[in-house]
Amino acid sequence: DEITIDEIVSPHTQINSPWGYNGYNLWVTGDTLRKRGWGEEGLWQGGGYEGTQFWIDSKREFVGVIMTQAHEVPNNGWDMYNDFRGALYKQFWREER
């Protein structure tokens, strides 16, 4: 069976979470990111070993990757990724807000 993009990003768990839901190994963000100024609703997010993070904004055809070597969760938790992404969106897409 082939898996389509629609299937990969469709909800499979945590369907009622204000943060979003899990697709197949991708997190699809909910409206909470927009409300907190950390990005947009509907971003496809994932991560890897040692804190690497990525997101895909299919609306703007934009991909972001943050490469780190964080062996432990930093003091501010994972908010540093959210803050970085939010600053990027505020700078480049502020006219859409």
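Residues numbered from 1 in each chain as written. Predicted model: local features only at pLDDT ≥ 70, side-chain atom pairs only at ≥ 80, totals over all residues. Heavy atoms only, no water.

Caption draft 1: Geometry of the nonpolar core. Among the nonpolar cores identified, the biggest contains nine residues, and these are Leu33, Trp38, Leu43, Trp55, Ile66, Tyr81, Leu88, Tyr89 and Trp93. The dominant element in this core, judged by the number of residues it contributes, is helix H3 (residues 79–92), at three residues. Once residues within four sequence positions are removed from consideration, Leu33 is found in contact with Trp19, Trp38, Gly39, Glu40, Leu43, Gln45 and Arg85. (Core = buried A, V, L, I, M, F, W, Y, C linked by side-chain atoms within 4.5 Å. Buried < 20%, exposed > 50% of the residue type's maximum accessible area, 1.4 Å probe, protein only. Helix = DSSP H or I, 4+ residues; strand = E, 2+ residues; numbered from the N terminus. Contact = heavy atoms within 4.5 Å.)

Caption draft 2: Representation of the side chain of Asn82 in the model. Along the chain, Asn82 falls in helix H3. Within the structure, Asn82 has its side chain in polar contact with the side chain of Arg85 (distance 2.4 Å). (Polar contact = N/O pair within 3.5 Å; in protein donor to acceptor, adjacent residues only side chain to side chain.)

Caption draft 3: Main features of the pattern of salt bridges. One pass over the structure, following the stated rule, counts three salt bridges. The partner of Arg34 in a salt bridge is Asp31, with the nearest N and O atoms 2.7 Å apart. With a shortest N-O distance of 2.6 Å, Asp57 and Arg60 are connected by a salt bridge. With respect to burial, Asp57 and Arg60 carry one shared label: buried. Each of Glu40, Asp57 and Arg60 takes part in a single network of salt bridges with overlapping partners. (Salt bridge = Lys/Arg side-chain N within 4 Å of Asp/Glu carboxyl O.)

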